[in-house]
Amino acid sequence: MGRFFIFLLVILLLLPVGLAALVLPAIEDEPLVSGKPVPNTESASRVRTLAHKFRNAQETDAGKKELAITEQDLASIIVFAVRSVPSARAEAQITPQGLEGRLTVGLPRTPLGRYVNLGFTILPSEHGLEIESVRFGQAEYSARFLAPAMSHGLDLLLGSGSGEMLMGFVSSVRFKGGEMILTYEPGQGRSEKLSDRMNTLFDKIKNNDQLRIADPETVQIYFRHLQETAVQLRGGYVPLSKYIAPVFRLAAERSKAGEDEAATQNRAAIMALAVYFGDQRMKALVDSSTENYFSGSRYGSHNVTIQGRHDLVQHYLTSAGLQLAAGVNVANVIGEFKEIADTLRGGSGFSFSDIAADRAGVVLAQKAGDAKHAYRMQAVLSRVKQESDYFPDISGLPDNMTQAEFESRYGNVDSARYRSLMADIERRIASVPAYGGE
């Protein structure tokens, strides 16, 4: 076991002891935040606009940059941030005196209470980000200890001086006309140093056997097999079935050591498919900075289809890779946000067939990566003949809806009509031979 993993394990063991006195008062019977906002096209638009504003912020006379964030912007960020944690609710309020933030996380029933309630206050400051106080339930504590503690933690993870560099990114905060205005100075040298140190941290994580999403050397075996398969197929327009069957036949051949090994091989096969056919950034999830994995041509990668559409391949396999990397809730939220954002001008429109592909990819990764299903998934996927063996029927699903059309027909993603159609998609996926009957 590597020293880095031991360090993380020690931190995890010590945190509950050191924070118990703070966390216990935060557990209460009533939630601090009662309502949970619903994501819609307006909130998606605000998040995209805010990201654009950050990238294109104008410099002040002092060479710094300013970013104005409204209360509605914060609410939109919160909508998508907490959606991946079903029991979490959060809200923020901007006043001329500062920002009030509140967070509630639901718990299973306990003798202590049903909710963890946290709060904090950010004040106007000419000296960086200043948190006045932190509230754990009804108990309020000075936040003066937070800045040095966070800075010290960043130094431990990223190297000496990293904490000060990060904590000094925001030089001032002011509140005016319902906006929180952050002044910051990116600085090319600071950005490069921070990027180098973050890359070092990611390399430590990726190169640790206990923390790695998938062994890149094993994924590389399947990646090369896909390259060889593409050459045999001559790279023409072919269904994804032509690649899924051979890659899972190889997984079955390499799974002689039991169910756990079969699940490991399946995850590597899925990551190879995601790297070869999915979003080009997928390889960063398993690639090593010291080896040239996944090199060479991705011949035929742009000509593979599901139901005649290449974009469905990307939805399906990218979501499968994200499921292995980040879990089902995060993978689903990413897909849902993308579809909501696409209803805005310039997007392709909200497509339930894309959502179906996203969800099917998540289920593929869940089933194939689970030891108790791994052998059965290999048996089914290694002999697929047609797309219906692994991909749901998407006929009749509404596609390419504009913002006005989506809101007119479905309102938002918590409406009864939307949930009904999502339930129909889940039924379609469950009826697929690869995923159903269990």
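You'll find the structure just up there.
Presented here is a report on the structure given in the accompanying data block. (Residues numbered from 1 in each chain as written. Predicted model: local features only at pLDDT ≥ 70, side-chain atom pairs only at ≥ 80, totals over all residues. Heavy atoms only, no water.)

At 3.6 residues per turn, the α-helix brings residues three or four places apart onto the same side. The end-to-end C-alpha distance of helix H9 (residues 259-277) is 27 Å, a good match for the 27 Å that 19 residues give at a rise of 1.5 Å each. The element H9 is largely enclosed, with a buried count of 14 among its 19 residues. (Helix = DSSP H or I, 4+ residues; strand = E, 2+ residues; numbered from the N terminus. Expected span 1.5 Å × (residues − 1). Buried < 20%, exposed > 50% of the residue type's maximum accessible area, 1.4 Å probe, protein only.)

Counting residues in hydrophobic clusters, the biggest one holds 65 residues, and the most contacted among them are Leu240, Phe277, Tyr316, Phe352, Tyr390 and Tyr435. Looking at which element gives the most residues to this core, the answer is H9, with 10 residues. Apart from residues no more than four positions distant in its own chain, Tyr435 is found in contact with Tyr316, Ala360, Val363, Leu364, Lys367, Arg376, Met377, Tyr390, Ile429 and Ala430. Of all hydrophobic cores here, the second largest spans 18 residues; its members include Ala88, Ala92, Phe175 and Tyr184. (Core = buried A, V, L, I, M, F, W, Y, C linked by side-chain atoms within 4.5 Å. Contact = heavy atoms within 4.5 Å.)

As enumerated under the stated definition, the model contains 13 aromatic pairs in all. Here Phe406 and Tyr418 contribute two aromatic rings whose centre-to-centre distance is 6.2 Å and whose plane-to-plane angle is 80°, an arrangement assigned as edge-to-face. Of this pair, Phe406 sits in helix H14 (residues 403-410) while Tyr418 sits in helix H15 (residues 416-430), and the two are 12 residues apart along the sequence. Connected via pairs of aromatic rings, a cluster forms that spans Phe223, Tyr243, Tyr276, Phe277 and Phe294. (Phe/Tyr/Trp six-rings, centres within 6.5 Å; stacked < 30°, edge-to-face > 60°.)

So, about the pattern of salt bridges. Evaluation of the coordinates by the stated rule reveals eight salt bridges. With a shortest N-O distance of 3.1 Å, Glu66 and Arg174 are connected by a salt bridge. In this pair, Glu66 is assigned in strand S2 (residues 65-70) and Arg174 in strand S8 (residues 170-176), connecting sequence segments 108 residues apart. The partner of Glu91 in a salt bridge is Arg102, and the shortest N-O contact between them spans 2.8 Å. (Salt bridge = Lys/Arg side-chain N within 4 Å of Asp/Glu carboxyl O.)

The next subject is the pairing of S8. The buried fraction of S8 amounts to five of the seven residues, a majority that puts the element mostly inside the structure. Summarising the sheet, S8 and strand S9 (residues 179-184) pair through six bridges and their orientation is antiparallel. Of the residues in S9, the one forming a bridge with Ser172 is Thr183. Between the end of S8 and the start of S9, which pair antiparallel, lie two residues, with Gly177 showing a positive phi angle near 55°. (Pairing = 2+ DSSP bridges.)

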